[in-house]
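Remarks on the overall topology
Here's the letter readout for the chains.
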Amino acid sequence: MIFGNLFKSNKADSAPGYAGLTDSHSHILPGVDDGIRSMEDSLAVLAEYEKLGFKKVWLTPHIMEDVPNTTDALKKRFAELKAEYKGCLTLDLASENMLDNLFLERLEKLDFLPIYDNHLLVETSYFSPPMNLTDVLKQIMSAGFIPLLAHPERYVYMDMDMYRELHDMGVKLQLNVLSLSGFYGKSAKEKSHKLAKHGMYSVFGSDLHRLSQTEHLRHVSAELKKYIKQGNLEGI
């Protein structure tokens, strides 16, 4: 469990919004996908993360047909960022893997950057599921990984029955914290609060793509604190 008793004291309630927490989804690695473009902006984002109180951040660049990153290239760029960053955050590298036409080829090669040791951060199209979604998720499990589904509240084709089915089969759900504020629209906001109230999420991530989004993170931290205090995020 990554949350523990973090928010049970008055001192913690007055701490920075994300004091001691881990961002499990970000696009801060510079120049590799549709996220942060420059090393300068990456360092600026990390400086803002320090002010927000984060302890650790996972850098999770896209790997998909339209963004054909390789694990070796991402590791090299990550090493360059770590060499430049002089702050106090713990940085770690994973990837966000689209369940697209090339995914099963990557799964056969086990060519991934997992998160939390044995979890695999995955996503689908926002509007329609991949063919045989359940079968693909089971193949991920058979390969020794636990699927961690990014921002499930933003998938318009999913409903509570489907979330429960995925949760019951062992798929972990990752909250996009900005969804709580309505940043991605009314539907994503309503679903994120409903999933949180039902304790369906395991961890949260920012899905940060721009420096300006750090201000939105600051404003939504109280909502996240509420659910963590209530024990509504399972942890990993």
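First things first, this report covers the structure right here in the doc. (Residues numbered from 1 in each chain as written. Predicted model: local features only at pLDDT ≥ 70, side-chain atom pairs only at ≥ 80, totals over all residues. Heavy atoms only, no water.)

What about unusual backbone geometry?
- Of note, the phi angle at Tyr 116 is positive, near 50°, even though the residue is not glycine.
- Here Tyr 116 lies in the loop between α4 (103–109) and β6 (119–123).
- With relative accessibility at 14%, the residue Tyr 116 sits in the buried group.
- Within the chain, Asp 207 stands out as a residue other than glycine whose phi angle is a positive 55°.
- By the secondary structure assignment, Asp 207 is in the loop between β9 (201–205) and α8 (213–229).
- Judged by relative accessible area, which is 3%, Asp 207 ranks as buried. (Helix = DSSP H or I, 4+ residues; strand = E, 2+ residues; numbered from the N terminus. Buried < 20%, exposed > 50% of the residue type's maximum accessible area, 1.4 Å probe, protein only.)

Digging into the sheet that holds strand β2 (residues 56–59)
- Taken in spatial order, the three strands line up as β1-β2-β4 in an open sheet, and their pairing is parallel. In this open sheet, the two strands that pair with only one neighbour each are β1 (22–23) and β4 (90–93).
- Where β2 meets β4, four bridges bridge the pair, whose relative direction is parallel. By the bridge assignment, Val 57 is partnered in β4 with Leu 91. (Pairing = 2+ DSSP bridges.)

Considerations on the pairing of β2
- Looking at chain direction, β1 and β2 are connected through two bridges and run parallel. Bridging from a neighbouring strand, Asp 23 pairs with Val 57 of β2.
- In this view, the connection linking β1 to its parallel neighbour β2 by way of helix α2 (residues 39–52) has right-handed handedness. (Right-handed = clockwise from strand over helix to strand, strands pointing away.)

Observations regarding helix α6 (residues 160–168)
- For α6, every residue scored as buried is listed here: Met 160, Tyr 163 and Leu 166. When α6 is viewed along its axis, its buried side chains cluster within an angular range of 125° and face the same direction. Away from its buried face by more than 90 degrees, α6 exposes Asp 161 and Asp 168.
- Looking at the buried residues of α6, the elements they touch are α5 (133–142), β7 (146–150) and α7 (186–197).
- In the stretch just after α6, Gly 170 is the one whose phi turns positive, near 105°. (Arc of directions from axis to C-beta. Contact = heavy atoms within 4.5 Å.)

Concerning the side chain of Asp 207
- At 3.0 Å, the side chain of Asp 207 forms a polar contact with the side chain of Arg 154.
- With residues near it in sequence (within four places) discarded, Asp 207 still touches His 25, Ser 26, His 27, His 151, Arg 154, Asn 176, Tyr 184 and Gln 213. (Polar contact = N/O pair within 3.5 Å; in protein donor to acceptor, adjacent residues only side chain to side chain.)

Quick word on the pattern of salt bridges
- This model, assessed by the stated rule, comprises 10 salt bridges.
- One salt bridge connects Asp 92 with Lys 56, and the closest N-O pair in it is separated by 3.6 Å. Of this pair, Asp 92 sits in strand β4 while Lys 56 is found in strand β2, placing the two residues 36 residues apart along the sequence.
- Residue Arg 77 pairs with Glu 80 through a salt bridge whose shortest N-O separation is 2.8 Å. Of the two residues, Arg 77 and Glu 80 both sit in helix α3 (residues 71–84), three residues apart, roughly one turn of that helix.
- Exposure remark for Arg 77: the relative accessible area of 22% places this residue in the partly exposed category.
- Because the salt bridges share partners, they merge into one network encompassing Glu 48, Lys 51, Glu 215 and Arg 218. (Salt bridge = Lys/Arg side-chain N within 4 Å of Asp/Glu carboxyl O.)

A few points about the nonpolar core
- Core analysis: the largest hydrophobic core is formed by 59 residues, its most contacted members being Tyr 18, Tyr 49, Leu 59, Ile 140, Val 177, Phe 204 and Leu 224.
- Counting eight residues, the second-largest nonpolar core is a separate cluster that includes Trp 58, Ile 115, Tyr 116 and Val 203. (Core = buried A, V, L, I, M, F, W, Y, C linked by side-chain atoms within 4.5 Å.)

Quick word on the packing of α2 against α8
- At a minimum axis distance of 10 Å, the contact between α2 and α8 shows a crossing angle of 15°. As judged from the angle between their axes, α2 and α8 are roughly parallel. Of the two elements, α2 crosses α8, and the hand of that crossing is right-handed. Residues Val 45, Glu 48, Tyr 49 and Leu 52 of α2 lie in contact with α8, whose contacting residues are Thr 214, Leu 217 and Arg 218. (Axes fitted to C-alpha atoms, helices over the stretch in contact; angles between N-to-C directions. Parallel < 35°, antiparallel > 145°, perpendicular 65-115°, else oblique. Left-handed = near helix turned anticlockwise from the far one by under 90°.)

A word on α3
- An ideal rise of 1.5 Å per residue puts 20 Å on 14 residues; α3 measures up with 20 Å between its terminal C-alpha atoms.
- Taken together, the buried positions of α3 are occupied by Thr 71, Leu 74, Phe 78 and Leu 81. Within α3, the buried residues cover an arc of 80° as seen down the axis, which keeps them to one side. In α3, the exposed positions angled more than 90 degrees off the buried face are occupied by Asp 72 and Lys 76.
- In this fold, the buried residues of α3 make contact with α2, β2, β3 (62–63) and β4. (Expected span 1.5 Å × (residues − 1).)

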